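Inside the fold
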Amino acid sequence: MERTEKEALVGEVKQRFDRMTSAVFLDFTGLNVAVVTKLRDEFRKAGVEYRVVKNTLVRHAIKHHAWSKKLDDTLVGMTGIAWSYEDPSAAAKVVKAFRKDKEHEKLKIKAGLIEGQILDAEGVENQLATMPGKDELRATLLATLQAPLQQFLQQLNAPLQNFAYLLKAKEDAAGGAG
């Protein structure tokens, strides 16, 4: 690879780290091409970018970040990086689901990165992958916003309901007395 190609790749990787909401670093040693292709397809479906980049080029791309030194132990050996841009937990959820299959157990999580915080493999699988997704958070927010309106409508309807119950009780009392 020539110097200009390396510089372009470093710029591209730097841009991905600047745009991302989270990243998951993977060790794919021992996986065959078919399994890696399946993993890439799963990432694509979830809106996650996955790329294998040389560790030295990744180091150059992230050197301006304060957390870059914390990744020195991670950037060793074969490393694949999965970047999530909208849903921080998307890549971690895909990896966790993918590893449940017996033949995909060789895929190992090296580390995770979210908002400058480095997570170990266990943190990625137990914390990042269990975070609610973008759609789940939207549904929760919508329910939170709707609750006061629903309660307000119930309060407005309460006098009418109580009046109806009163009339029904009087009718029952009048019918029972006669």
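Overview of the structure.

Calculation rules
Residues numbered from 1 in each chain as written. Predicted model: local features only at pLDDT ≥ 70, side-chain atom pairs only at ≥ 80, totals over all residues. Heavy atoms only, no water. Helix = DSSP H or I, 4+ residues; strand = E, 2+ residues; numbered from the N terminus. Buried < 20%, exposed > 50% of the residue type's maximum accessible area, 1.4 Å probe, protein only. Contact = heavy atoms within 4.5 Å. Pairing = 2+ DSSP bridges. Axes fitted to C-alpha atoms, helices over the stretch in contact; angles between N-to-C directions.

1. Regarding the environment of Leu119
Here Leu119 shows up in strand β5 (residues 117-120). Residue classification places Leu119 among the buried residues on the basis of a relative accessible area of 16%. The spacing of Leu119 and Val24 is 95 residues in sequence and 9.1 Å in space, taken between C-alpha atoms. Here Leu119 is in contact with Ala111, Gly112, Ile114, Val124, Gln127 and Leu128, once residues within four sequence places are set aside.

2. Examining the sheet that holds β5
Ordered by their spatial adjacency, five strands build an open sheet running β2-β3-β1-β4-β5, and the pairing between neighbours is antiparallel. Two strands lie at the open edges of the sheet, namely β2 (48-52) and β5, each paired on one side alone. Going from strand to strand, the sheet's axes swing by 20° on average, the running direction of each strand aside. Note that strand β1 (residues 22-27) and strand β3 (residues 80-84) share five bridges and pair antiparallel. Bridge pairing in β3 places Ala23 opposite Trp83. Across the sheet, helix α5 (residues 121-128) lies against β1, β4 (108-114) and β5, angled at about 100° from β5, the strand it touches most.

3. Some thoughts on the pairing of β3
Burial analysis of β3 places five of its five residues in the buried class, the great majority of the element. Neither face of β3 is exposed, since Gly80, Ala82 and Ser84 on one face and Ile81 and Trp83 on the opposite face are all buried. As paired elements, β2 and β3 share five bridges and run antiparallel to each other. Within the sheet, the bridge partner assigned to Glu49 lies in β3 and is Trp83.

Remember, this is a structural readout, not a statement about activity or role.
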